[in-house]
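Results of the structural survey
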Amino acid sequence: MKSLGTAIIGCGSISSVHLKAIAGLGLAQLKAVVDVNESLAQKAAAAYGCDYYTDYKEMLKRDDIQVVHICTGHYLHAPMTVDALKAGKHVLTEKPMAENKASAQTMLDAAKEHTDVQLGVIFQNRYNPSSKRMKQAVQSGEFGKLLCMKGIVTWSRGPAYYETEWKGKWATEGGGVLINQAIHTLDLLQWLGGDIATVKGSISNDSLEGVIEVEDSAHAFIQFKNDVKAVFYATNAYGKSTPIEVELIFENAVLSQRGDTLYLDQNGKQTVLAEPLKNDLGEKAYWGVSHQFQIRDFYEHILQGKHFWLDGPEGYKAFRLVMDIYESSRIGQKIIYS
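Residues numbered from 1 in each chain as written. Predicted model: local features only at pLDDT ≥ 70, side-chain atom pairs only at ≥ 80, totals over all residues. Heavy atoms only, no water.

Within the protein one finds 10 helices and 15 strands. Expected size for 338 residues packed as a compact globule is a radius of gyration near 20 Å; at 20 Å, the protein falls within 12% of this value. Counting all 338 residues of the protein, 54% fall into the buried class. If you take every contact in the protein between residues at least 6 apart in sequence, the share linking residues at least 24 apart comes to 67%. Of the roughly 15,000 Å² of accessible surface on the protein, 49% is carried by carbon and sulfur atoms. (Helix = DSSP H or I, 4+ residues; strand = E, 2+ residues; numbered from the N terminus. Rg over C-alpha atoms; globule rule 2.2 N^0.38 Å. Buried < 20%, exposed > 50% of the residue type's maximum accessible area, 1.4 Å probe, protein only. Contact = heavy atoms within 4.5 Å. Areas by Shrake-Rupley, 256 points an atom, 1.4 Å probe, with all protein chains shown as cover.)

In structure tokens, the structure reads:
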């Protein structure tokens with residue numbers, strides 16, 4: 001079976017999910033890991049039997065590496081992605097694409113220029129059984145027209161979470177709960193709802209004033225071009241991280257997702273339509289197991305010479321929505337989409 005040489009830049013928490021996925025993929029051979037923290041890079045390299053670097057540009061010189069995973073702080077996604085694409089490497093970057101629209105645009109431009117390689121953006125929750133079932137319901141019309149949706153994220157993040165140098169700052173994280181945690185739920189809403197007409201939102205720092213520059217809470221109202229309406233609320237100020245809730249109201253039924261379990265309410269009866277897959281991520285179980293499915297899908301598209309569907313422009317949609325909620329909050333007006 002053909003495999004692709006792979007490297008991971010960034011050996012923090014999220015890299016473990018990528019490393020495990022690559023190890024069990026059968027389509028990739030891990031050649032190197034990179035981190036400016038040499039001890040982190042050494043530890044990952046020893047665990048997975050590969051080389052390590054502290055300078056990603058040195059790794060990019062290797063001809064035996066075809067795919068690069070970006071698992072670094074948000075502000076590093078754009079420059080690293082652009083350099084990797086220019087070096088002829090396929091890139092799979094963690095969300096969000098970047099810390100601001102201008103940086104994200106450099107990624108889109110580079111991908112458009114270097115058509116011999118591909119850019120993929122991680123939104124693994126689209127691969128969850130519940131997400132795929134909701135998408136099927138919207139597309140099939142089996143429950144009638146979709147009328148409205150809501151998404152709710154109530155998680156807890158204390159001061160210790162923001163001790164990482166780049167978190168909690170506009171310049172490096174690009175925002176707070178919206179861009180870091182709730183972007184996955186916003187992505188599902190826009191993926192299910194379709195093209196957006198307008199969005200109006202606001203952000204606030206309710207529990208961590210003096211600790212972080214960015215928001216810990218946000219809400220938004222999204223109007224789609226097909227007349228579907230969505231309301232959204234997210235906070236990191238809750239006392240405990242509780243399961244994410246997504247609700248879709250159709251003409252003839254209601255779909256309710258709590259965590260990754262999807263319930264159907266129809267004709268006075270409730271049934272389970274989809275259940276979460278088991279994982280061994282412990283306290284990081286909220287990441288789910290779908291990274292492995294998206295990573296496999298990305299590699300299969302490359303090996304088959306097909307264009308990966310969750311590419312830069314597709315990944316930009318949720319990112320733009322986050323940025324537009326920030327802008328709406330700043331100017332106190334709704335953002336109108338063309």
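In this sheet, strand 9 (residues 217-224) lies alongside strand 8 (residues 196-204) in antiparallel orientation, the contact comprising eight bridges. Bridge pairing in strand 9 links Val199 to Ile222. In this sheet, strand 15 (residues 335-336) lies alongside strand 8 in antiparallel orientation, the contact comprising two bridges. Paired with Val199 across the two strands is Ile335, which belongs to strand 15. (Pairing = 2+ DSSP bridges.)

UniProt's entry tags residues 132-253 with the feature "domain: GFO/IDH/MocA-like oxidoreductase" (unreviewed entry), counted in the numbering of this structure. This span, residues 132-253, is 20% helix and 32% strand, and a straight line between its end C-alpha atoms measures 17 Å. (UniProt positions renumbered as here; feature names shortened; annotations may be inferred.)

A few words on the UniProt feature "domain: Gfo/Idh/MocA-like oxidoreductase N-terminal" (unreviewed entry) in the protein. Taking the UniProt record as the reference, the feature "domain: Gfo/Idh/MocA-like oxidoreductase N-terminal" (unreviewed entry) is found at residues 6-117. Along residues 6-117, the helical share is 45% and the strand share 20%, with 14 Å between the first and last C-alpha atoms.

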